[in-house]
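# Coordinate inspection notes
Residue-level listing of the chains:
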Amino acid sequence: MAGFVGVFLTVVLTVVSVLVEGNYMVYDTAQGVVPGKLNVHLVPHTHDDVGWLKTVDQYYVGSNNSIQVACVQNVLDSLITALLADKNRKFIYVEQAFFQRWWRRQSEATKKTVQILVSTGQLELINGGMCMHDEAATHYIDMIDQTTLGHRYIKQQFNVTPRIGWQIDPFGHSAVQAYLLGAEVGFDALFFARIDYQDRAKRRDEKKLEFIWQGSKTQGSSSQIFAGAFYAGNYEPPTGFYYEINDESSPVVQDDINLFDYNVQERVDAFVAAALSQANVTRSNHIMWTMGTDFKYQYAETWFRNMDKLIHYVNQDGRVNALYSTPSIYTDTKHALNEAWPLKSDDFFPYADRINAYWTGYFTSRPAIKGYVRTMSGYYLAARQLELFKGRNKSGPTTESLADALAIAQHHDAVTGTEKQHVANDYAKRLSIGYKESEDVVAAAFGCMTQSSSFSECKNPPTKFTQCPLLNISYCPATEVDISQGKKLAVLVYNSLGWKRTSVVRIPVINENVTVSDSTGKVILSQIIPIVNASIANKKFYATAYTGESTSAGPMYWLAFTAEVPPLGFSTYVISSGKDSASIRPRSYTCGGAQNSSAVEIGSGNLKLIYSGNDGTPTQYINSRSSVNMSLEQSYTYYAGEAAGTDQASGAYVFRPNGTSEIQPEEKIPLRVFKGPLYDEVHQMINSWIYQITRVYKEKEHVEVEFTVGPIPINDKVGKEIVTQIKSNIGNNKTFYTDSNGRDFLERIRDYRADWDLEVNQPIAGNYYPINLGIYIKDKNTELSVLVDRSVGGSSITDGEVEIMLHRRLLYDDGRGVDESLNETVCVLDTCSGLTVQGKYYLRFDPLGEGSKWRRSFGQEIYSPFLLAFTEQDDTWTNFAIPSFSAMDSSYSLPDNVAILTLQELEDGTVLLRLAHLYEDGEDNDLSVMATVELKKVFRNKKINKIKEMSLSANQEREEMVRKRLSWKVEGSKTNKQDNDLRGGPVNPVKLTVELAPMEIRTFIIDFNSKLVQY
């Protein structure tokens, strides 16, 4: 076929000839925009989910068709031939995960042909990420990473940069998508389909389906992008114009009068009627028809043959003008009108497609895979740093497979939890494979970095480090060393943040009498807490499920010590046996019921938690440093999921509660308290399927809550959605704040929408919002913040209260296509049970205006936890040659308001660096200011030869991106000049300093002098 394609390209026809009325008919498809007429832009496209009902590879090769007939390689194969048949035909393609699979298998001749199609604009690669990522359950760092993977590949293969955001299927749209993954990657427009049905109705009435979206308060007009919500709320053609092979829902254009069913005038009339209907709710004389939908163009000629005829006969008719187009052409025509457009701020959450159908359940659906994605995301950030420090091994292992797995997992039917179970398993499998290869990268880096200062040339380090991905359930074979037999356990603690960090490390051990020493040999304070029976049972079950092998009883204790680790560096500690143990086993006692009514105080530092001695619930939060003294209650509740047979069931997408039940202890369970020199913790068995551990650290001023929820019982035939509620006496007057993809915080007001008068039909589900970093409420005096370790849904349903949904188990499908109930089970041997989820959230009260420091700094620590590695040593071992390390100058750390998002060696040996300012304008009195980073101190022992500032996705120089960006007029604005006063200046070429303004992210590609000493 490649040879045929190559020859065929040289004789490309401008028109297509077919037999009509016994003669060859020439269809005129060359029509462009006609001023003064209604122009109908036909945009041929396919929407190819990177996993949903089938896995990504099943979709690509076309297997498992009993579930869904879909084969992406057929789409791409037939598409090229169809485009070559007429140079006026156009097509857009989005999902790079599929395109790259296809591209790798093509001949050089076919690749050259496709490169020409791309360069001439017949085939346009838009959006350009590995997937069409979700916008609710994704973290902004993951969104950037997966977009960068696709954008840089497109640049390398085709030397083009995508211009258009095409987020047509995600279930609501975020402010971060608009400004960060829109304007900041160089997009000129962003198009999507799904907005709330009430919002859509109002926008149609007022002709505001197209607008200027300003997603960032801080970055002002420089964050603006032209945006369009599709007319019908979907991304399909108008009814009657759907031309997939073997489809019978739409009549083909039959123009041979010698055959029955001739219908040219009928189809032209239908076309004009549909066009005028859409034009009535659209500004200007240009409308877009999205000619395609999920996995269509299996045989592309069926679509193009009919569109050729429509363009020809509609334009002969003359009432409207039809043309082949792309979103880029459409955007340029809208821009050329030089009109002013309405302004939109904030976001498009929550999304309901009809009454009682809020798509807010997926904010929490499949919480285990959401947690896995977030854990792997933080690990990938650290692994790339270590890969750079050691030197990238081109022959492997590398971090690339984890990058690919994480990119695919950002898909809007992956991390969302809205896929079939076997597809969720596939995403987890890919993450596990990626982790294992990256684990080898990390282990090799640590082995080399602890042995020699010239570790970049290290090949086979003598010290073998192991890691523990199941440390959260106390499964860590590396720490199950019987140190009473003269062995030692060395622990390496790596800090991927740009600041020095001091935090408590917890690892499972089998010995009770142990000491912990730092790298100087000094014994440091530590404590031992027994692992409770509930944790041991979970460990045995889930470790067996993960490894496929039965696990031993294993460790019986948690060993905790405080690690102090330099920025971008590690510290090492040694655990050994000692008769005079420095570890202190906390005393424990029991309270509960009427036998002990006195209050129980937890916390030995500034923070104290007071528990009721009667029922064991928290009652008071006291911070002696900040003088905060607040009432506090915490409880668990479940919403019964609405069943099938009603107007809307609760399912993977939709949250439709049918009643609320507070979860009460099944019997009087004692409150167990452990107090130690580093932290205190409280154990509570809420019921047989909810266990909670609350920790208060001596040197911290927040509360850590570790929850274990599941298996959720369904023997009563009722699906359940589990929430925890934190209650205070804060008077927040219906107002609360949630993050946008872990970045900006947006104001939410209960039962209110800024853009329309909300008709409230679901007072709970309709007030739920996605949370990736945190949620907070405030009044005139105090703030209550709750931070999370993964994507969840949450709200403030009652004043003074914050609730987050932790787990969902439902018995019915919600009718949105997945055709499967959200009833996750785990099977080990012959035993199957509902999924148990373990996670953490963190809460803190602060005086008004002071909470942002904790939300921002500790939020980074949640995303990038310490990375732990272990190696066993015999009794003769003393220490590592390099027991501690920092990539930075010893006297330097990043400013408190700046984080490193990316530090990665690229294929050509250059380094990709991203720096982010963490604060919004006015968010904090001290830290919402311009920050400066000294690159010479960040990269000690390295000389920067060249530094280029790039777009956010690193596929073009930023200066060029800004120069090309379209500027739009906004209704009510006196000027369309973009303000740039909230941006850092150019890099100082001598001092090599980088300025960052509030909320600014700056991306650089750095070329180092490779002859200098490595890290």
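Residues numbered from 1 in each chain as written. Predicted model: local features only at pLDDT ≥ 70, side-chain atom pairs only at ≥ 80, totals over all residues. Heavy atoms only, no water.

## Section: the overall build of the protein chain
A tally of regular secondary structure across the protein chain gives 18 helices and 54 strands. Taking 1015 residues into account, the globule formula puts the C-alpha radius of gyration at 31 Å, and the protein chain, at 30 Å, falls close to it. By its C-alpha atoms, the protein chain is 100 × 70 × 65 Å across when sized along the principal axes. Buried positions account for 64% of the 1015 residues belonging to the protein chain. A fraction of 76% describes how many contacts in the protein chain between residues 6 or more apart in sequence connect residues 24 or more apart. By element, 48% of the accessible surface of the protein chain is carried by carbon and sulfur atoms, the whole surface being about 36600 Å². Each charge class in the protein chain was averaged separately, 101 positive and 119 negative side chains, and the resulting centres sit 4 Å apart. (Helix = DSSP H or I, 4+ residues; strand = E, 2+ residues; numbered from the N terminus. Rg over C-alpha atoms; globule rule 2.2 N^0.38 Å. Buried < 20%, exposed > 50% of the residue type's maximum accessible area, 1.4 Å probe, protein only. Contact = heavy atoms within 4.5 Å. Areas by Shrake-Rupley, 256 points an atom, 1.4 Å probe, with all protein chains shown as cover. Lys, Arg positive; Asp, Glu negative; His and termini not counted. Charge placed at Lys NZ, Arg CZ, Asp CG, Glu CD.)

## With respect to the packing of aromatic side chains
By the definition in use, this model includes 55 aromatic pairs. Look at F99 and W103: their rings are 5.8 Å apart centre to centre, the planes differ by 20°, and that puts the pair in the stacked class. Linking F99 with W103, this pair stays in helix α4 (residues 96-104), spanning four residues, or about one helical turn. A relative accessible area of 1% places W103 in the buried class. When the centroid spacing of 5.1 Å and the interplanar angle of 75° are considered together, the rings of Y842 and F858 count as edge-to-face. Taken together, the residues span a long stretch of sequence, with Y842 in strand β45 (residues 837-847) and F858 in helix α16 (residues 851-863) at a distance of 16 residues. Exposure remark for Y842: the relative accessible area of 8% places this residue in the buried category. Overall, F858 belongs to the buried group, its relative accessible area being 11%. Through a chain of ring-to-ring contacts, the aromatic side chains of F91, Y242, Y243, Y297, W303, F304 and Y324 assemble into a single cluster. Positioned above the aromatic ring of Y638, the side-chain terminus of K720 is 5.6 Å from the ring centre. The ring of F1008 has K942 sitting right over it, with the charged end atom 4.9 Å from the ring centre. (Phe/Tyr/Trp six-rings, centres within 6.5 Å; stacked < 30°, edge-to-face > 60°. Lys NZ or Arg CZ within 6 Å of the ring centre and 35° of its normal.)

## Details of the sheet that holds strand β28 (residues 628-631)
Strands sit in the order β25-β26-β27-β28 across an open sheet of four strands; the sheet is antiparallel. One side of each edge strand has no neighbouring strand; the edge strands of this open sheet are β25 (600-602) and β28. Neighbour to neighbour, the strand axes of the sheet diverge by 20° on average, direction disregarded. In this sheet, strand β26 (residues 607-611) lies alongside β25 in antiparallel orientation, the contact comprising three bridges. Within the sheet, the bridge partner assigned to I602 lies in β26 and is L609. (Pairing = 2+ DSSP bridges. Axes fitted to C-alpha atoms, helices over the stretch in contact; angles between N-to-C directions.)

## Section: the confidence of the model for the protein chain
Summarising the model, the protein chain shows a mean pLDDT of 92, and 93% of its residues fall at 70 or more. The low-confidence segment residues 1-20, where pLDDT is below 50, has 47 contacts with residues more than four positions distant or belonging to other chains. (pLDDT = per-residue confidence, 0-100.)

## Observations regarding the state of the cysteines
One covalent bond between the sulfur atoms of two cysteine residues makes up a disulfide. Here the structure, examined in full by the defined rule, presents two disulfides. Paired through a disulfide, C827 and C832 show a sulfur-sulfur distance of 1.9 Å. On the sign convention where negative is left-handed, the bridge of C827 and C832, at about 110° about the S-S bond, is right-handed. (Disulfide = S-S within 2.5 Å.)

## Concerning the side chain of R790
Its place among the elements puts R790 in the loop between β40 (782-788) and β41 (792-795). For R790, a relative accessible area of 8% translates into the label buried. There is a polar contact of 2.8 Å between the side chain of R790 and the backbone oxygen of Q838. Other than its neighbours up to four places away in sequence, R790 contacts P367, A368, K370, G371, R374, I771, N772, V837, Q838 and G839. (Polar contact = N/O pair within 3.5 Å; in protein donor to acceptor, adjacent residues only side chain to side chain.)

## Remarks on the pairing of strand β10 (residues 286-291)
A regular strand places its side chains on the two faces of the sheet in alternate fashion. With six of its six residues buried, β10 lies for the most part within the structure. Judged by which residues are buried, β10 turns out to be covered on both faces: H286, M288 and T290 on one side and I287, W289 and M291 on the other are all buried. In this sheet, β10 lies alongside strand β3 (residues 39-44) in parallel orientation, the contact comprising six bridges. In the strand pairing of β10, L42 is matched with W289.

## Brief notes about the sheet that holds strand β54 (residues 1001-1008)
With respect to topology, four strands assemble into an open sheet ordered β48-β49-β54-β51, the strand pairing being antiparallel. Only two strands of the sheet have a single neighbouring strand rather than two, namely β48 (898-905) and β51 (944-950). The sheet shows a mean angle of 20° between the axes of neighbouring strands, taken without regard to direction. Where strand β49 (residues 911-917) and β54 come together, six bridges link them in antiparallel fashion.

## Re the nonpolar core
Core analysis: the largest hydrophobic core is formed by 226 residues, its most contacted members being F271, W289, F304, F389 and Y494. Considering every element that reaches this core, the biggest residue donor is helix α12 (residues 367-390), with 11 residues. Among residues more than four places away in sequence, those in contact with W289 are V40, H41, L42, V43, P238, F241, F271, A274, A275 and Q278. By size, the runner-up hydrophobic cluster in this structure holds 26 residues, among which are A478, V493, V505 and V565. (Core = buried A, V, L, I, M, F, W, Y, C linked by side-chain atoms within 4.5 Å.)

## Here we look at the pattern of salt bridges
A full pass over the atoms with the stated rule returns 55 salt bridges. Residues D145 and R914 are paired through a salt bridge, measuring 3.9 Å at the closest nitrogen-oxygen approach. Here D145, found in helix α6 (residues 140-158), pairs with R914, found in strand β49; they are 769 residues apart in sequence, far enough to count as distant. Considered together, D145 and R914 belong to a single accessibility category, that of buried residues. Close ionic contact of R283 with E971 constitutes a salt bridge, the shortest N to O distance being 2.5 Å. Taken as a pair, R283 in the loop between α9 (264-279) and β10 and E971 in the loop between β52 (969-970) and β53 (993-996) lie far apart in primary sequence, 688 residues in all. Relative accessible area serves as the criterion here: at 18%, R283 is assigned to the buried category. Here the salt bridges do not stand alone but share partners, grouping D199, R203, K344, D346 and D755 into one network. (Salt bridge = Lys/Arg side-chain N within 4 Å of Asp/Glu carboxyl O.)

## Details of unusual backbone geometry
Of note, the bond from F349 into P350 is cis; its omega dihedral lies within 30 degrees of zero at -10°. You can see P350 is positioned in the loop between β13 (343-344) and β14 (352-354). Backbone geometry places S284, a non-glycine residue, at a positive phi of 80°. Assignment of secondary structure puts S284 in the loop between α9 and β10. Non-glycine residue D346 carries a positive phi angle of around 50°. With respect to the helices, strands and loops of the structure, D346 is situated in the loop between β13 and β14.

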